[in-house]
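# Report on the structure
The residues making up each chain are set out below.
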Amino acid sequence: MDDGYVPPPLRLLLVDDDAVDRLAVIRALRQSKLPLDIAESSTAEEALAAFAHGEFDAVLLDYRLPDMDGLEVLRRMNARVHGSTAILMLTGMDNDELATQCIEAGAQDFLLKQDLTPRHLIRAVTHARMRHRIEMALLESHERLRELAEQDPLTGLANRYFFDQSLRAAIPRTVRYGLKLALLLLDLDNFKFVNDSHGHDVGDQMLRVVADRLVGITREGDILCRLGGDEFAIIAFQREDEAEIVHALAQRLLAELAEPVEVEALTLPTSVSIGIALCPDNSDNADQLFKCADLAMYRAKRDGRNQAHYYSEELQRQVMRRVQTEQDLRAAIETGGFELFYQPQVDAATGAVCGAEALIRWRHPERGLLGPGAFLDVAEDTGLIGPIGDWVIATACADVAAGRLGRVPRVAVNLSAQQLRTPGVVERIARDLETSHLMPSQLEVEITESVLISDFEVALGVLEGIRGLGVSIAIDDFGTGYSSLAYLKRLPIDCLKVDKSFLAQVPEGEKDKRLLRALIQMSRAMGFRVVVEGVETRAQAEVCRDFGADTLQGFHFARPMPWSELTPALLGFASPS
């Protein structure tokens, strides 16, 4: 430490209209060894001007001034941004009530002029300054804690806590004054893919960019928050005659967030799904309004993403039906409410049955026999597709091994994206084969092209494991997804199933016929067995056979049926060569 250090002078502002009193105070202060820099004012107007333009460590303020009482000056000084300045009141009136008023207004001390001594005055100034610094530090800490409680540290936006408080406070005001409020919930599309593919650092940077864009779009007075993850919320206020404002805001959000995000030399495509609920139209309760907006956002996701949906009562009914379907599915899993139907596959050249596809049905206790379109989307969204899919594979293996399918030499089963991602799927298939004593060559696993998109490398590893068991693999609905030839070359697949949509205008449409021929010939050139689905007429069957398809499947040959009906139906087909 430098012994020659000289502390900066203590800057004081002395406010008193009595020159004699000012001189007495200055003399008392000068008796201390502290370096002092004292400014003087004789009126409230002078004092407030000096306070506004200077920085003081403390103010000694007389209560009685000619143009304004000291209490009002005190209030005005404390209303300014000089948070580091301690203010001490000086007066000749011994009045406890007045002292209390001054302290409550922010004074650090209340000093009687007649009791002042040099030591008393210096101690009062020093202690007041220290107390004021402690108060300011506590205030700053409190403010910082409030920011931490209400601010999202990643984006700087308001957080979920602030959102909840703001929504609960805004709704009663909206109802009271006959206004309208719109709650917009935003969820980034495919953000998990960004995190999984490029890492969380890139994902965090992307969220910051999105937050900056949202700030630029949100109107002044509206409330923008990050709820967590990739979810944001906007509380938008509107008058009765501003119905189009929310729609315009949603369209701007969709347009702005459809622009790719540049992060670390990466160009990341982005879009957003938006759910909108209105107060008081949909609800005047904060929790219920949030649920309404969440349901609308969920619908926007289901309908293809990159769009905005408003909540409606019909949407609520749809959601309730889905909730009931989920509950019923769980019960069906426990009680065995599913059945397998089988649709034969025939050799295109000979007409002999060469396989069958296992297709699930649900015998609902109230709704009757349901096809997969009535419940599989719910099963996929709720995670129930896993146990349901496992049941399908185990049951199909058991049916074939037990001879229930008669002359059918091979059964095809569908493998969902969730099953493909679930650890242990290869081991479960191996266990089903072993338990049923089915030859691996009698089982074929079908996956759709879309399953490969989310994580190709993971899918590739699982398919290689399944192929290693001796089970054949087919790509279902080929031509409708996103497969590239490069991906097809890497996959351990045996068969491509051409989607039925390619047969819709066959044989009438020449372009459709050329496209069908190209798909079949390309698949065969790559060494794959070709199955054409959706064959409904004899003419279609002949075209597919002439173009080189190996196997045909569709209503022209047979509809899906229980195994008990399958064997009699097969009598109408040619015998296998």
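Look a little higher up for the structure.
Predicted model only: the values in this text are computed from it and were never measured.

## Thoughts on the packing of helix α2 (residues 44–53) against helix α3 (residues 70–79)
One can describe the packing of α2 onto α3 by two numbers: an axis separation of 11 Å at closest approach and a directional angle of 15°. Classified by the angle their axes make, α2 and α3 are roughly parallel. Of the two possible hands of crossing, α2 and α3 adopt the one that is right-handed. Contact residues: α2 offers Ala-44, Ala-47, Leu-48 and Phe-51, while α3 offers Val-73, Arg-76 and Met-77. In the contact of α2 with α3, the residues fall into six nonpolar, no polar and one charged.

## Comments concerning the nonpolar core
If you look at the biggest cluster of nonpolar residues, it comprises 74 residues, and the most contacted ones within it are Ile-466, Leu-516 and Val-532. Counting residues in hydrophobic clusters, the runner-up holds 31 residues, among them Leu-184, Met-206, Leu-254 and Val-261.

## Examining helix α7 (residues 191–198)
Every buried residue belonging to α7 is among Phe-191, Val-194 and Asn-195, and all of these are buried. Around the axis of α7, the buried residues are gathered within 95° of arc, so they sit on the same side. The exposed residues of α7 that point more than 90 degrees off its buried face are Lys-192 and Asp-196. Each element contacted by the buried residues of α7 is listed here: β6 (180–188), α8 (200–217) and β10 (266–268). In the segment just after α7, Gly-199 is the residue with positive phi, at about 100°.

## As for the environment of Phe-51
Along the polypeptide, Phe-51 turns up in helix α2. Residue Phe-51 is classed as buried on the basis of its relative accessible area of 1%. Phe-51 sits 29 residues away from Arg-80 along the chain, and the two C-alpha atoms are 9.0 Å apart.

## Concerning the side chain of Glu-357
One can find Glu-357 in strand β14 (residues 353–364). Assessed through its relative accessible area of 4%, Glu-357 is described here as buried. Within the structure, Glu-357 has its side chain in polar contact with the side chain of Lys-497 (distance 3.1 Å). Ignoring any residue separated from it by four or fewer positions in sequence, one finds Glu-357 in contact with Phe-341, Tyr-342, Gln-343, Gln-345, Ala-412, Asn-414, Glu-446, Asp-476, Lys-497, Glu-533 and Gln-553.

## Details of the state of the cysteines
Inspection of the entire model under this criterion finds zero disulfides. The cysteine Cys-397 is free of any disulfide, with Cys-495 supplying the nearest cysteine sulfur at 17 Å. The exposure class assigned to Cys-397 is buried, which follows from its relative accessible area of 0%.

Cut-off values and rules
Chains are numbered independently. Their residues run from 1 in the order of the written sequence. Local features in this predicted model are restricted to residues whose pLDDT is 70 or higher, and side-chain atom pairs enter the listing and the counts only when it is 80 or higher, whereas totals over whole chains, interfaces and linings include all residues. No hydrogens and no water enter the side-chain calculation; it runs on all heavy atoms of the structure. Axis definition: a line fitted to C-alpha atoms, limited for helices to the stretch in contact. Angles are taken between N-to-C directions and run from 0 to 180 degrees. Here a strand is any run of E in DSSP of at least two residues, a helix any run of H or I of at least four, and the numbering for each starts at the N terminus. Throughout this description, any angle smaller than 35 degrees is read as roughly parallel, any larger than 145 degrees as roughly antiparallel, any in the 65 to 115 degree range as roughly perpendicular, and the remainder as oblique. By the definition used in this description, the sense in which the near helix is turned from the far one sets the handedness, with an anticlockwise turn below a right angle giving left-handed and a clockwise turn giving right-handed. Throughout, a contact is declared for two residues whenever any of their heavy atoms are within 4.5 Å. Residues are sorted three ways: Asp, Glu, Lys and Arg are charged, Ala, Val, Leu, Ile, Met, Phe, Trp, Tyr, Cys and Pro are nonpolar, and all the rest, Gly among them, are polar. Throughout, nonpolar core names a set of buried Ala, Val, Leu, Ile, Met, Phe, Trp, Tyr and Cys residues whose side chains join them through atoms within 4.5 Å. Each residue is assigned to one of three classes by its accessible area relative to the maximum for its type, calculated with a 1.4 Å probe on protein chains only: buried under 20%, partly exposed between the two thresholds, exposed over 50%. Here the arc refers to the set of directions running from the helix axis out to each C-beta atom. Any N or O atom pair separated by 3.5 Å or less is treated as a polar contact, with the protein-specific requirement of one donor-capable and one acceptor-capable atom, and with residues adjacent in sequence counted only for side-chain atom pairs. Defined by distance alone, a disulfide is two cysteine sulfur atoms within 2.5 Å.

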